[in-house]
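Chain by chain, the residues:
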Amino acid sequence: MAKRVFQVTDKVHGQGPLLFAWQSQQGNFLATTGVNRLVNIFDRHGVLKEEISLPGPCLDLAWDQDGDTLAVITDRVGTVFLWDANTRKVTQLDTSFKDQLSLCFWSPSNCVLAVGSVKGNLLIYNHQTSRKIPVLGKHSRRIVCGAWSKTHLLALGSEDRSVTISSADGDTIRHLPNLGEPSLIHFSEMKQDERSNIGDSTVSMVLNKKMLYMFNLNSPDTPMQLSFQSRYGTIISYKWYGDGYVMIGFSSGFFVVISTHLKEIGQELFQARDHKDSLSDIAICQTLNMCASCGDSSVKIHGLNDLKEVLDVLNLGDERAPLDKLGWTQDGQLLAISTTKGSLHVFLTKLPMLGASVGLRLAYLTSLLEVTVVNNVENSDAGTTISIDVEPRFIGVGLMHLAVGMNNRIWFYYLGDAGVEKLRDREYLGTVQSVKLNAEHAAVLIEGKIQLHVIENDSSIPEDRETRLFPAEDHQDETILCHGITNEFLIYATDSGSVHFFYIEDWTFVNVYKHMVPVRKLFPDAAGALLAFVDDKSDAYILNPVSEELVEIPNVSSAAKGMLWEQQPGDKGIFLVFDEEQMYTYVHSRETIQGSKVELVDTTKLPYGNVPMVLLRGEVTLQTHNGRLSSIQLPCQPRISNVENLSQAEHKANVNKCIVLKKFKESWQSASAVNSKEVWRELGRAAMCNLDIDFAIRVHRELGDVGMVWSLESVHGIEDRALLAGYLAMYLHDFSLAQDLFISSSKPVAALEMRRDLLHWDHALQLANRLAPDQIAYISREYAQQLEFTGDYGNALTHYEKGITRIEQHREHDDSCTAGIARTSIRMGDISRGVGMATNSSSRVLKKECAAILESIKQFSEAAMLYEKGEYYDKAASVYIRSKNWSAVGVLLPHVNSPKVHTQYAKAKESEGRYKEAVKAYESAKDWDSVVRLYLDNLNNPEEAVRIVQETKSIEGAKMVARFFLRLNDYSSAIQFLVMSKCSDEAYQLAQTHGQMEVYADIIGPYANKEEYHSIAVYFENEKNHYLAGKFYYFSGMHSKALKHLLHASNSDDPAALEFAIECVGQSRDKDLIHQLIDFLMGETDGIPKDAKYLFRLYMALQQYREAARTAIIIAREEQYNGNYRSAHDVLFSMFRELRLHRIKASTEMSANLMILHSYILVKIHVKKGDHLKAARLLIRVANNISKFPSHIVPILTSTVIECHRSGLKGSAFSYAAMLMRPEYRQQIDLKYKKKIEAIVRKPDKSEEEEPLTPCPYCKFELATMELSCPECKNNIPHCIVTGRHVVADDCTACPECDFPAQHSEMIKLLETETACPMCSLKISRERIHKIGDLHKYLYIEGEE
């Protein structure tokens, strides 16, 4: 926003129109005049410097090109008043004209004044020579407008409606009559396709206030006349600018821009209505690249680059009079606005861009006589404004002081907490160019020299340290070009290229750096540890004063104006270089694998007219042209806090920003959010490049890259930076850099180790020559191996020979070289040498390698010989075969395993007619087809051919055997072998033709597909063979048809048909078929119920286990009734297993029946073993359930009596003997035992040993061993499948096949004589029997506890 500098009221000029003119060039004076016959000369601050009295009202005034002389004319006399700005004196120029003067104007290129009169006379006056050239009658009426060209041509317009072009002497060159009323005449340069060398050769003017008229002096006969829309009103003013553009202001408030290019002429490039009611003037400032228009009590300012944008609006609402004229100073700093009532307003539109900063403090010019100091840019609004006495030309600021000055004088101010205090002003011996401050000292650059002095007088400072002049006496011939100051150092550069570092505390020089060319600008960091500078070649560098290490700053603009260091303590390496348009962000890395390095990070557009002052955390504080501060965030600055809400793409970009600015720790949160391997790798790579080992380890741990973590940890403690950088460069695959770093380190041999590991043998040999000559032999061998691998045998041979050491301790190495020599010698054609070395070597591998090489070059005899000596008999035989040496092959054949060799040998023998030897060789080669062929065709041994086909399942062999049997009319055998050879169609046709379909059906069973099964089924259906038709319909998936035929066959008492019917229904799961089969089994179809076992099998096939269980009990009961106890046992056992497999609890009846039947079966086992007590106890259990054994009541009771008597259970023997004496049983007793049983009854002995007690596995209650129901907990206890006793917790095992429990000790005893489980009858071994600690699954079913 432009600031008003001063105002001149109508009291100064009188109420009426006002003329004003800014001094050319400097703009230090403003000349104004009104109706009061005075010309007032103001300075740029509004101070009246001079008053010039006139004899009458002023008509016109004008400054010459240099701003030294002001010309003034009045309406009363023909005299021109000339005011000298340097002497402040007025002289009078007599024109000798008797008429009134009308205008005056100066030439833009020399001190020549043109004066016109109301009668058309002209005076040309040269102020330097005082020569006057009067030209009478130049026009017939008043001269109203005029202009000089840069080439000293003079254009005049008159009320006589004509225009003249004259020379500098007043001679008329061209006269243009009858144009209209001319005004606002100008010289300029029109935009053309081919630029004219004449310069401003175009004359433009306004005619009749409506038309813009232009013509070129080179072609005046083709003028251009541009008319505009009537709504615009009359033309008030127009200005040329840029490359042939014209801006025109109209009375209705419009301003229009046109181009004078021939292709664009007549087109409005831009049009806007800046003012609603009227427009009174326009002005253009080329320096600011701005234009302004006034009207409606306001002035609007636009940028010429973008006219649509209004940069500023100056409201003069307090001014009642209409605005009249505008005028800018040449430097664009001040804009004057006049009114029609004689007042004048001057605004500051561009401040001198003066400012300085130190740390976070900055001082800048906010008005011509005002400086603002901001102590902390983070709170830029809290600035302190200081009024100063003069308009400064330079500013300096320190931690405690402010310096402003101009010419040879500086004013110093103290910036204390209590406020600003003016200390003093000081004059210097020459013009001050710049001043730099630190806490105590000021360094003033004065015409190539520096005066360093204390700012405040302090008696504690020695007199010889109060001030000092630079350069030193021994460098008086040097001129200081630039300087800088920190708290510790004064740094300056001279025209000789030297940069001097003066340590202020010791008051002495500590370093001088000699640069190749003079240094033009320098910028030390806050501590003076780094110095950035720009030299005369516009190259920029970072200098470390301690090590004098110089690092070039890349891509620095040749127009660079300055540089800022980042003020955030943790970001010391970041700095900013700027020119007038761009800001370039750089980062300086002191330690990288490439050494110190400066990288360009980003380029940011600098707002027009702004100057960067401070850089803090990526935010640049800018000084604007209107005396304010603004800020801009560099796009490359990452977000460090509040990153939780960023998107994945933003997190990734944030990581990249952290990487380029070397802010690795700050990148962790965003990297974790992205969690991409690519991002982690890039972050780890950047950390390694910058020697940040700890962070690199952390990153690679996150990646899970164990190898890299180990590698980094192994080099973590290395203090030699070159060695450390070398290892990191190697990890980053920059091997050339790694080698250079290793060589410059304390361990140069690391370079050799790296090249060897990388198989870079040329480099390794070169390094070995310098660093480790004793390693040349080993490197030569390794290099030779690589060369041999790549086919460079000549060089490989050379390096193998160089690798021979002939040292006994390195015998293995020499053997490797010898082997290489042998191989490469053969490759190079020296076969005898290579074969000899291979033969003499003890290495089988070498013989094989050399033999392979010889074989590849068709040296078969030598190759076979080496294969044989190396005991590679297969390869030797193969090579002998290639050389047709069959006898040698025959010798080797017993040692040969290769089928290929045997096949080749067999073919050779077959061709010789030696078929038995050929068959033997074919058998060794497992070429069974050839064996079958020879047996059938040559040896007439079909039995052997059939045996081989059946064993090997050879398809081709089966075809040959089938053809053989066809020739013998053995159709059954032929069908069998046709099926084996997968010739199913041929087999089917043969079977159908010769009535062998049953044979075909039996044979094809395992090989057929559904279509083939269907064909067979149809055949048997036609043959009325219902069983086979149903069977093959079932195989083909046609279950309904299958069941129909199978049930038909079942009526003929064919059990196999019924079994297939059950299987068919079980697979189909079709409800209709199920009901159909059940009806058949139950006798609903034919009135004959079928055996219950079929119903049981149906339920099993349908997985209806509960129904199957009930059926199984019925079947078992029938089997028991018929005395088939083993069958009944097996039915119940299989059903029990199925139920347990499907987690279904068996019924109590089923469990009890199985237990009783199993107890009966166990009796035989124990009787056989002689363990009569166990047999007796089991028989007692059976006898107690004797009703379940109706077919063998008497034999079972007899056995019970006998076994009880044998085992001493006299009471039980008596009890069951008495039962046998019943009439219904007595006659059935076996005569062999009858008398003994009668004796037991006649002489009763009821003594009996008590049954032992063992604990219940559920509740630990002690109960009889044969008792299976616990009276305490009421649980049914599982029984031991070996003894029939209840199981006990501490001696339990299970059959590994059926998983039924048993006592571990009893099972072990049983397996000493038996090999099968008594329950499932499957073979088990003692090794598979293990004790079980947890009986849970045997005690509880389906989780019921």
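Up top is the structure these notes are about.
This one's a predicted model, so the numbers in the text were calculated from it and none came from an experiment.

Description of the overall build of the chain
Phase 1 of the analysis: Check the secondary structure of the chain and you find 42 helices and 63 strands.
Phase 2 of the analysis: Here the analysis covers contacts within the chain between residues at least 6 apart in sequence; of these, 42% occur between residues at least 24 apart.
Phase 3 of the analysis: Here the chain displays about 63000 Å² of accessible surface, and carbon together with sulfur accounts for 47% of that area.

Observations concerning the sheet that holds strand E9 (residues 89-94)
Phase 1 of the analysis: The sheet built from four strands is open, its strands ordered E6-E7-E8-E9 with antiparallel pairing. Where the open sheet ends on each side, the last strands, each with one partner, are strand E6 (58-63) and E9. Along the sheet, successive strands turn relative to each other by an average axial angle of 25°, direction set aside.
Phase 2 of the analysis: Note: E6 against strand E7 (residues 69-74), five bridges, orientation antiparallel. Residue pairing across strands places Leu61 opposite Val72, the latter belonging to E7.

Concerning the sheet that holds strand E57 (residues 611-616)
Phase 1 of the analysis: Taken in spatial order, the three strands line up as E57-E58-E59 in an open sheet, and their pairing is antiparallel. The outermost strands of the open sheet, each flanked by one partner alone, are E57 and strand E59 (629-633). The average undirected angle you get between the axes of adjacent strands in this sheet is 30°.
Phase 2 of the analysis: Pairing of strand E58 (residues 619-623) with E59 involves five bridges; the strand directions are antiparallel. Counterpart to Leu622 in the pairing with E59 is Ser630.

Comments concerning empty space enclosed by the protein
Phase 1 of the analysis: Evaluated as defined, the whole model comprises three cavities of 30 Å³ or more.
Phase 2 of the analysis: The volume enclosed by the largest cavity comes to roughly 70 Å³.
Phase 3 of the analysis: Around the largest cavity, the lining residues are Lys521, Phe523, Ala532, Phe533, Val534, Ala540, Ile553, Ala560, Lys561, Gly562, Met563 and Val577.
Phase 4 of the analysis: Elements with a contribution of two residues or more to the lining of the largest cavity: strand E49 (519-524), strand E50 (531-535) and strand E53 (562-565).
Phase 5 of the analysis: The element best represented in the lining of the largest cavity is E50, accounting for three residues.
Phase 6 of the analysis: Grouping the constituent residues of the lining of the largest cavity by class yields nine nonpolar, one polar and two charged.

Re the environment of Glu1272
Phase 1 of the analysis: Note on placement: Glu1272 falls in the loop between strand E61 (1262-1264) and strand E62 (1292-1294).
Phase 2 of the analysis: For Glu1272, a relative accessible area of 52% translates into the label exposed.
Phase 3 of the analysis: Taking the C-alpha atoms as reference points, Glu1272 and Glu1262, 10 residues apart in sequence, are found 9.3 Å from one another.
Phase 4 of the analysis: Aside from chain neighbours lying at most four places away, what touches Glu1272 is Cys1259 and Phe1261.

A closer look at the pattern of salt bridges
Phase 1 of the analysis: Considering all chains together, one arrives at 35 salt bridges under this definition.
Phase 2 of the analysis: Measuring nitrogen to oxygen at the nearest pair gives 3.3 Å for the salt bridge that ties Arg1226 to Glu1238. Here the residue Arg1226 occupies a position in helix H39 (residues 1223-1226), and Glu1238 occupies one in helix H40 (residues 1231-1242), the gap between them amounting to 12 residues.
Phase 3 of the analysis: Given the relative accessible area of 32%, Arg1226 is considered partly exposed.
Phase 4 of the analysis: Overlapping salt bridges, with partners in common, bring together Arg44, Asp331, Glu391 and Arg393 in one network.

Let's talk about the packing of helix H35 (residues 1148-1169) against helix H36 (residues 1172-1184)
Phase 1 of the analysis: Here H35 crosses H36 at 155°, and the two axes come no closer than 8 Å. Considered as vectors, H35 and H36 are oriented roughly antiparallel to each other. At the point where H35 passes H36, the crossing takes the left-handed sense. Of the residues in H36, those in contact with Met1155, Ile1156, Ser1159, Tyr1160, Leu1162, Val1163, His1166 and Val1167 of H35 are His1172, Lys1174, Ala1175, Leu1178, Leu1179, Arg1181 and Val1182.
Phase 2 of the analysis: Here the residues of the contact of H35 with H36 sort into 10 nonpolar, three polar and two charged.

Quick word on the nonpolar core
Phase 1 of the analysis: Ranked by size, the top nonpolar core spans 63 residues in total, and within it Leu1197, Ile1281 and Met1307 carry the most contacts.
Phase 2 of the analysis: Contributing elements (two or more residues each) for this core: helix H34 (1125-1141), H35, H36, helix H37 (1193-1206), helix H38 (1210-1220), H40 and helix H41 (1304-1310).
Phase 3 of the analysis: A total of nine residues in this core trace back to one element, the largest contributor, which is H35.

Considering the packing of H37 against H40
Phase 1 of the analysis: Running from amino to carboxyl end, H37 crosses H40 at an angle of 65°, the nearest separation of the two axes being 11 Å. The chirality of how H37 crosses H40 is left-handed. Between H37 and H40, the residues in contact are Thr1198, Val1201, Ile1202 and His1205 and Tyr1233, Lys1236, Ile1237 and Ile1240, respectively.
Phase 2 of the analysis: Considering only residue class, the contact of H37 with H40 consists of five nonpolar, two polar and one charged.

Looking at helix H14 (residues 831-840)
Phase 1 of the analysis: Inspection of H14 places Gly834, Val835 and Ala838 among the buried residues, and these make up the whole buried set. Relative to the axis of H14, the buried residues are bounded by an arc of 95° and lie together on one face. Counted as exposed and oriented over 90 degrees from the buried face of H14: Ser832 and Asn840.
Phase 2 of the analysis: Close packing links the buried residues of H14 with helix H13 (811-827), helix H15 (844-856) and helix H16 (860-869).

With respect to H38
Phase 1 of the analysis: Counting buried residues along H38, eight of its 11 residues qualify, which places the element largely inside the surrounding structure.
Phase 2 of the analysis: Along H38, the residues that are buried comprise Gly1211, Ser1212, Ala1213, Phe1214, Tyr1216, Ala1217, Met1219 and Leu1220.
Phase 3 of the analysis: Summarising the contacts, the buried residues of H38 are in contact with H36, H37, H39 and H40.

So, the pairing of strand E23 (residues 245-250)
Phase 1 of the analysis: With five of six residues buried, E23 is to be regarded as a mostly interior element.
Phase 2 of the analysis: Relative to E23, strand E22 (residues 235-241) is paired through six bridges, and the arrangement is antiparallel. Considered in E23, the bridge of Ser237 is made with Gly249.
Phase 3 of the analysis: In sequence, E22 turns back onto E23 through a hairpin of three residues, with Gly242 there showing a positive phi of about 60°.

Details of the side chain of Thr604
Phase 1 of the analysis: Relative to the elements of secondary structure, Thr604 occurs in strand E56 (residues 597-605).
Phase 2 of the analysis: Once residues lying within four places of it in the same chain are set aside, the contact partners of Thr604 are Glu581, Gln582, Met583, Ile632, Leu634 and Pro635.

Thoughts on unusual backbone geometry
Phase 1 of the analysis: A cis geometry characterises the amide bond from Phe470 onward to Pro471, with omega recorded as 0°.
Phase 2 of the analysis: Here Pro471 is to be found in the loop between strand E44 (467-470) and strand E45 (480-485).
Phase 3 of the analysis: Notably, Asn407 is not glycine yet its phi reads approximately 55°, a positive angle.
Phase 4 of the analysis: As for its placement among the helices and strands, Asn407 is situated in the loop between strand E38 (401-406) and strand E39 (409-416).
Phase 5 of the analysis: Phi at Arg617 takes a positive value of approximately 50°, unusual for a residue other than glycine.
Phase 6 of the analysis: Assignment of secondary structure puts Arg617 in the loop between E57 and E58.
Phase 7 of the analysis: By relative accessible area, Arg617 is classed as partly exposed at 37%.

Cut-offs used in this document
- Residues numbered from 1 in each chain as written.
- Predicted model: local features only at pLDDT ≥ 70, side-chain atom pairs only at ≥ 80, totals over all residues.
- Heavy atoms only, no water.
- Helix = DSSP H or I, 4+ residues; strand = E, 2+ residues; numbered from the N terminus.
- Contact = heavy atoms within 4.5 Å.
- Areas by Shrake-Rupley, 256 points an atom, 1.4 Å probe, with all protein chains shown as cover.
- Pairing = 2+ DSSP bridges.
- Axes fitted to C-alpha atoms, helices over the stretch in contact; angles between N-to-C directions.
- 1 Å grid on protein atoms, 1.4 Å probe; cavity = no way out; pocket = protein on both sides within 12 Å on 5 of 7 lines; lining within 4 Å.
- Points joined across faces, edges and corners; volume = space filled by probe spheres on them.
- Nonpolar A, V, L, I, M, F, W, Y, C, P; charged D, E, K, R; others polar.
- Buried < 20%, exposed > 50% of the residue type's maximum accessible area, 1.4 Å probe, protein only.
- Salt bridge = Lys/Arg side-chain N within 4 Å of Asp/Glu carboxyl O.
- Parallel < 35°, antiparallel > 145°, perpendicular 65-115°, else oblique.
- Left-handed = near helix turned anticlockwise from the far one by under 90°.
- Core = buried A, V, L, I, M, F, W, Y, C linked by side-chain atoms within 4.5 Å.
- Arc of directions from axis to C-beta.

The values are spatial; any link to function lies outside them.
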